[in-house]
Each structure stands twice: as structure tokens, then as C-alpha cells.
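Now for the letters of each chain:
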Amino acid sequence: EEHEGPCRSPESDLEDCHAGHTDGLISKLLEACQQNEVSRALAHYAKLQKMNVPLYEGVYKMVIECCSRSDQLGHAMQFYDNLRGSGQRVSVRLVSALMEACAKEQHGDKVHALWNDWCPAGQRFGPSQGEVLLVTVSALIRTMSPELARDVLVDAMERCSGSSLVSDLPDVEVQLEDLLHLNEMVWEEARMNGTLMEELAGRFADLHSLLEQLYEQCLQEAAAQPAGGPGPYRGPSGGHGGGGMCEDPFSNADALLMEDVDLDLELAAM
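J.: Explain the pattern of salt bridges to me, please; I cannot follow it from the model alone.
T.: A complete count under the given rule lists nine salt bridges for this structure. We note a salt bridge from Glu100 to Arg142, for which the minimum N-O separation is 3.0 Å. One end of the pair, Glu100, is in helix 5 (residues 92-104); the other, Arg142, is in helix 7 (residues 127-142), and 42 residues separate them in sequence. The partly exposed category is assigned to Glu100, whose relative accessible area is 34%. Taken together, the salt bridges that share partners define one network made up of Glu147, Glu199 and Arg203.

What follows is the structure, given as C-alpha cells:
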């Protein structure tokens, strides 16, 4: 005599059906994002919202990047706000990608607002903040906002009082040199096309002086290290292995977990 499996209640069948429908909608959402079909992605997202389905940061990331690639910056910013409202932590990759999209559209004010939102006043400064700081300064230079770039740098330096800002930044010497070249290039382009007013020229000059100061500090710290000796240990995100005034409030394992979630979502949508 054949025995049937354990009986399932109607409630269990309903839950399985709901879960299958939810997974299908998320897959369709990710597929639409990969194909840069913003309207279809928004439609699937709206259905998930009506079903009160919680979404991971990786899903928001794919929607935001889809909107950014499709020049739908308004939608991208809205999804960023939705992500923040969900209480999830925004990754370095995501906020950097959104800043680049804002820079492309010449919205220096939005770049500055993203920085202030992601790294609010009073937050301790660590390697993750340093990485986004460099992206922020670069984006602000390209949006002709040297005064905002300088303000961001000065604020970061003040937060690291008692500890060196540049010592906590990954590949700092190369990146500061790149920022100096970028500032010179944008400054010169503005002069050549006639958009460089005297006040703006002074702001570019002030930013350049600050970047040179940080670059010189970086060179001095490198020269002060014992000849042939190893430099300070840096973790996967470029930060020191030990603590200090400028300590990352999030663990490296946390950041690596977010990278794995992003990769899993991208593979699932293929």
C-alpha cells in the first residue's frame, strides 16, 4: 500500500503560492533592470510594494543603476530615498554609482546632499567614508562645485582631528594626484570656454591648495616610514587593521556580505 506524504493545510499551499509569485516578480524586476527597461521595472516594483514585500539592498542597487543608465536620475534618487526609508545600510558601491550619475547630469547639489546623507555630521570617519570622500570630491569638481569639494574635505579633516585623514584613504597618493590633475583640467577648460569668473577661479585655486597640502602630507608620511619596512596594515577596504580616531563603524565582513548579495542577484537575473 502506498503512503502519501504528510497532509498540507490550505494555508501552507497559499504561502507557497505567494512565495512563488513574489520570487517571480523579483526575477522579472531584475530582468527588466538588466535590459534597461525602466517602465517595466517600475511596474514590477509597484506590484511588490502593494504586496509589502521587503527588498534587499542589492535589488535597490540594480533598479537605481538601471535608472541611472537610462538617464532617469529622478527615479534613481527616489529609489535611494526608498532604500534609506527601509532602514538598510547603503553600500559604498551604490552611493558612489549614484554620485557618478548626478555628476554626469551636472547636479553638484545632489552629489553634496548624498555625501551629507551617507556620511552625516558627527559620524566617525573610516576607510569606507574615505573611499566615498574621494568619489565625492571628484564628482563635485566635475560639476564645477570646487567650493563644495573644499568644504567636504575640510569637514573630513576636522572629523579626523588627532589622526591623519590621508593615512586612512586607499591608494591615497595616486588618487590625490589624480584629483589635482582633474582640478587643473576642469579649471583650464572653464577658462578656455569663458565660464570661469573671477570668484570661481578663486574657489578652484583654494581647492587646489588644499589638495596639494594633503598630497604633501601623504608624501611626508610615506617618507617617515622605515626604509624597506612594511607600511601600516590595511584591510580589504584599504583601512588599518587596528583602531584609531578614524575607525570604520562597520566591519569588513559586513561589506563583503553586501558584495556577495549583489553578485548573487546579478547571477540570478541572467
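Right, picking up where we left off after that structure.
J.: Please explain the packing of aromatic side chains as it appears in this structure.
T.: One pair of aromatic rings is described through two measures. These are the centre distance and the angle between the planes. The final tally for this structure, using the stated rule, is three aromatic pairs. The interplanar angle of 75 degrees and the centroid separation of 4.6 Å between the aromatic rings of Tyr45 and Phe79 together place this pair among those described as edge-to-face. Here Tyr45, found in helix 2 (residues 38-50), pairs with Phe79, found in helix 4 (residues 73-85); they are 34 residues apart in sequence, far enough to count as distant. Since its relative accessible area comes to 4%, Phe79 is described here as buried. Here Trp187 and Phe204 contribute two aromatic rings whose centre-to-centre distance is 6.2 Å and whose plane-to-plane angle is 15 degrees, an arrangement assigned as stacked. Here the residue Trp187 occupies a position in helix 9 (residues 172-192), and Phe204 occupies one in helix 10 (residues 198-224), the gap between them amounting to 17 residues. Residue Trp187 is classed as partly exposed on the basis of its relative accessible area, which comes to 25%.

What counts, and at which threshold
- Residues numbered from 1 in each chain as written.
- Predicted model: local features only at pLDDT ≥ 70, side-chain atom pairs only at ≥ 80, totals over all residues.
- Heavy atoms only, no water.
- Salt bridge = Lys/Arg side-chain N within 4 Å of Asp/Glu carboxyl O.
- Helix = DSSP H or I, 4+ residues; strand = E, 2+ residues; numbered from the N terminus.
- Buried < 20%, exposed > 50% of the residue type's maximum accessible area, 1.4 Å probe, protein only.
- Phe/Tyr/Trp six-rings, centres within 6.5 Å; stacked < 30°, edge-to-face > 60°.

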